[in-house]
Amino acid sequence: MRVGVVTFPGSLDDRDALRAVRLAGHEPVALWHQEHDLHSVDAIVLPGGFSYGDYLRCGAIAARSPIMADIIDAAGKGVPVLGICNGFQILMEAGLLPGGLIGNDHGQFICRDQELVVENTDTRWTAGFQDNQHIVIPLKNGEGGYIADEETLKRVEGEGLVTFRYVGINPNGSLHDIAGLRNESGTVVGLMPHPEHAVEEGFGPDTDQAMRNGTDGLTFFTSLALEGVLR
Amino acid sequence: MSTPRHIDSVEHAAATPEVKLPYQELGVTDSEYQEIINLLGRRPTSGELAMYSVMWSEHCSYKSSKVHLRQFGQKMTESMKKNLMVGMGQNAGVVDVGEGWAVTFKIESHNHPSYIEPFQGAATGVGGIVRDIISMGARPIGVMDALRFGAIDHPDTARVVPGVVSGISFYGNCLGLPNIGGETWFDSSYQKNPLVNALAVGVMRHEDIHLANAKGAGNKVVLFGARTGGDGIGGASILASETFGDDGRPAKRPAVQVGDPFAEKVLIECCLELFEKDLVEAIQDLGAAGISCATSELAANGDTGMVVELDKVLLRDDTLTAEEILMSESQERMMAIVKPELLERFLEVTGKWEVDTSVLGDVTDDGRLIINWHGETIVDVDPKTVAIDSPVYNRPMERPSWLDALQADTIHTRERDNTSAGVMDQIRSVLSHANLQAATWITNQYDHYVLGNTAMATPDDAGMLRVDEESGLGVALATDANGRYGQLDPRQGAALALAESYRNVASTGATPVAISDCLNYGSPENPEVMWQFAEAVTGLADACVALDVPVTGGNVSLYNQTGETPIHPTPVVATMGIIDDVARRLPSGWQDDGENIYLLGTTGLELDGSIWADAIHSHLGGMPPKVDFDHEKALAELLSSAAHEGLVTSAHDLSTGGLIQSLTEACLRRHVGARIWLSELQERDGIDTVTALFSESQGRVLVSVAREDDVKFQGLCAGRGIPVLRVGVTDATQGALDIADVGVFDLDELHSLHESRLPEAFGPLVGGRA
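Calculation criteria
- Residues numbered from 1 in each chain as written.
- Chains lettered and ligands numbered in written order.
- Predicted model: local features only at pLDDT ≥ 70, side-chain atom pairs only at ≥ 80, totals over all residues.
- Buried ≥ 20, exposed ≤ 12 C-beta atoms within 10 Å, placed from the backbone.
- Helix = DSSP H or I, 4+ residues; strand = E, 2+ residues; numbered from the N terminus.
- Pairing = 2+ DSSP bridges.
- Expected span 1.5 Å × (residues − 1).
- Axes fitted to C-alpha atoms, helices over the stretch in contact; angles between N-to-C directions.
- Contact = placed C-beta atoms within 7 Å.
- pLDDT = per-residue confidence, 0-100.

Caption draft 1: Layout of the pairing of strand β10 (residues 333–338) of chain B. Residue and element names in this part refer to chain B. Taking burial as the measure, the six residues of β10 include six buried ones, the bulk of the element. On β10, burial covers both faces: Arg333, Met335 and Ile337 on one face and Met334, Ala336 and Val338 on the other are all buried. Here six bridges tie strand β7 (residues 220–225) to β10, and the two strands are oriented antiparallel to one another. Counted as the bridge partner of Lys220 is Val338 from β10. Bridge analysis of strand β8 (residues 282–285) against β10 gives four bridges, and the strand direction is antiparallel. Looking across to β10, one finds that Asp285 is bridged to Met334.

Caption draft 2: Layout of helix α9 (residues 157–175) of chain B. The end-to-end C-alpha distance of α9 of chain B is 27 Å, a good match for the 27 Å that 19 residues give at a rise of 1.5 Å each. Summarising burial for α9 of chain B: 17 of the 19 residues are buried, a large majority.

Caption draft 3: Spotlight on the sheet that holds strand β11 (residues 188–191) of chain A. Residue and element names in this part refer to chain A. One open sheet holds the nine strands; their spatial order is β2-β1-β3-β4-β11-β10-β9-β6-β7, and the pairing between them is mixed. At either margin of the open sheet sits one strand with a lone partner, and together these are β2 (27–32) and β7 (134–141). Neighbouring strand axes in the sheet, compared pairwise and without regard to direction, differ in orientation by 25 degrees on average. Inspection of the sheet shows strand β1 (residues 2–7) paired to β2 by six bridges, in the parallel sense.

Caption draft 4: A look at the interface of chain B and chain A. Between chain B and chain A, the contact holds 30 residues from the first and 26 residues from the second. Within the residue set of the side of chain B that touches chain A, elements represented by two or more residues are α9, α11 (261–276) and β14 (454–456) of chain B.

Caption draft 5: The arrangement of the confidence of the model for chain B in detail. All names here are of chain B. In the predicted model, chain B carries a mean pLDDT of 93, and the fraction of residues at 70 or more is 96%. Segment residues 240–248: pLDDT under 50, and 13 contacts once partners within four positions in sequence are set aside and those in other chains are kept. Confidence metrics for the complex model read pTM 0.94 and ipTM 0.96.

Caption draft 6: Representation of the sheet that holds β8 of chain B within the structure. All names here are of chain B. Pairing in this open sheet of seven strands is mixed, and the strands run β8-β10-β7-β11-β9-β12-β13 from one edge to the other. Both edges of this open sheet fall to β8 and β13 (376–381), since each of them pairs with a single strand only. Strand-to-strand twist across the sheet, computed as the mean angle between neighbouring axes with direction ignored, equals 20 degrees. Pairing of strand β9 (residues 305–309) with strand β12 (residues 369–373) involves four bridges; the strand directions are parallel. Across the sheet, the residue bridging to Val308 is Ile371, located in β12. Its contacts with the sheet put helix α8 (residues 118–135) on β8 and β10, and the angle it makes with β8 is roughly 175 degrees.

Caption draft 7: Focus on the environment of Val349 of chain B. All names here are of chain B. The residue Val349 is located in helix α14 (residues 343–352) in this model. On the neighbour-count criterion, Val349 (21 C-beta atoms within 10 Å) is buried. Linking Val349 and Lys265, residues 84 residues apart in sequence, is a C-alpha distance of 15 Å. Beyond its immediate stretch of four places on either side in the chain, Val349 contacts Cys270, Glu273, Leu274, Lys277 and Leu279.

Caption draft 8: A look at the pairing of β7 of chain B. All names here are of chain B. Most of β7 sits inside the fold, with five of its six residues counted as buried. Pairing geometry for β7 and strand β11 (residues 357–364), over five bridges, is antiparallel. Counterpart to Phe224 in the pairing with β11 is Thr357.

Have a look at this one:
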């Protein structure tokens, strides 16, 4: 598959996302924020970073960039979209996922190897996991606290949109320990932690077997190839 | 709107020799001012004085340190030069790391701003060193920070530490550069003068190296990046307010710069695209002394001249005077020399990245730097007199009168408590010493994953980054300095700083090849400090020759004082090593059960200046540990061979805190315990238990070896003449560090001894155990 990774000014993990796409066996395609051109990709990753300096709310300016109009369009037609960290923030600001993200409750930037439970495998990005599989991928953010009003929370819980939940430690004060969400159809997925930093032995989180050996993030990208898994 | 103001042009200066400029307020001495008049054949204009004052400052000109620093070049051997592609004098040194790759790295201080305004001071320290790396044509790939603060329990330390850490976190994280290591040290000698030394490392292909030499008359001088504002001007405002009177402008401008990492991130990507398209002849970042420095250095290095129209500088604040524009240290700016026929394409790239760009003027071949403002020439100087031929001082030096008494005051004559209970108590005190604490509270706030090439980072002995994804070629970096050793013997202290950072790099399996240094000392006007500095440079230069590693660049920071008291001499040394495949790196902690633990090197009675002396006796005296450079070199070669042949499963160096600290760190890295016995070590080296556990003898490394590799490994040590002794076995089942004849420490207790002090002082550790 051809998988596009968008670079906004201030994107930081775009190169990592391109590498993850390649390691998962797909063709990586670099996309530029000012273009109205998705280069006929089959799926899109919005990477982490501080798009446009995050001068307004995180992701708010990027959500209104030229390429996002095309991405919102494509998402509507079922093209899989994965938003990581700042990409998750952009998906919310673009209205593709419900709720919002605010500053961590403890007020600090936090970088740690984070345990998550995959609560929903009915998505284009998690189909390769087992239901309720526990995974460890890096988390690194300053504004990762998930918020939503009562009604929205009830809906995301009721409709099974919660895709990832923090396990052990809630690192940022997210409501209901929510780490990531999907849309109703399971094509759009967003999360705060970084699967693209756990795709290669030697450069990921520590595991019980060896240091920096965790590759739980790779399954996000290999899941894309599992066609027809959505119920 | 700014009111029109009288311009102190060259013509006006020549006609008004009687006008007195406030040079003393700018830090220019009577004799330096006279020298400027001699050079120009008239009094300087206020713009020229602004340039000379900043470029001839200690910070920019190294006027007190230069006579000593020459040793680094003079003592350099042919062998030390063999991998060196660019040496001292450029923005940063460049080392050939093989396979067509070059690495540039440099460590630099941002001490004084970080005390005044910890957050911005530290943030802009990171920004500045990263721009030095970009200026060489390299993509930055990582940062490190060597930090020294006042006493951990002093109330002001609780102001400085969170500010500095969040400043580094904010700027480094937003740049997308992994923070892979550094050091944190607490000592009351830094109470009013913390040290914030930031390191950046970058990579490029050999053919992509760029230099800061303006060549080719007719080429364009282009300023791009952030607009120029009123920050980081400090003293220069005096020129405006005192010479020309108050007109409603701020009388004083802020001395500390304000950083915008987003602007720098965009600038990095923009520069890399400019390099890739080969649109730049020469490039220089704007740091200290801003446009004054960039124009004069580019022209002086290129042996050319320059005409600059200062009105073309894009401003954030249109009330700035010409003098302030010349001195402004606004961040995130670069100056490039561009061929006229490539200018359009250059502007296309800066336009794509939405980076503000203005063409200021041309390179000339007459050897004059001419700066015009509002149609009049306000600067007409030989750029070499500004940038290169600054004053050189042979400042008086004097061996401190107190040093003999200090060195005679050894801790070794005091009785040592070698009872089991006594040793257990001493272990607890030493492990909970502020300077042996885990840096988790700090490194939790740094992104060490971004770019996907981090093979090692804190708490490993060194940071390690992959350079080439195909071959696995990588570099390892470690910074070290021990101010206590420096205070006892500045020459030996500098040699020890190199020995330790060299050994840290070697412990990862990499081969040390080059260093950068950041020399932090007190006031050069104090003859005792000047003596300490000179001794340190000699010690470091000689150690470099002994270990065959060149100094590629760095910086000197003087006037570091807490009140009237100089800081402990703190020569921070950053060693860079090469590893041909990062997959062969040596972890710093134990992984598997039942492996043999060996101690390489020998242990002597070397407790003076140690953490133990401070923790148990609040004592600083005697002589620091000795260094055997031949042994350090042989040890590094052994570790590299062992890594290459896969003979050891982990390696961890011994330094501050001694054996007990290394055992603790090796246990806690992967939460695997060990059973240790000291009797054979004590017998072989003729030492007591306290010495065995706490001595800071150099040249020692702890390694673990799988049983099947035992014979081969011992053979390797014997062949290289490295003393080796089995001191224990790893134990993944008991969850404890069991030291025979001393006692048993549960790993959870060790963890709490090792991790508690920073959270207690600065706030809870987010996420608990990371």
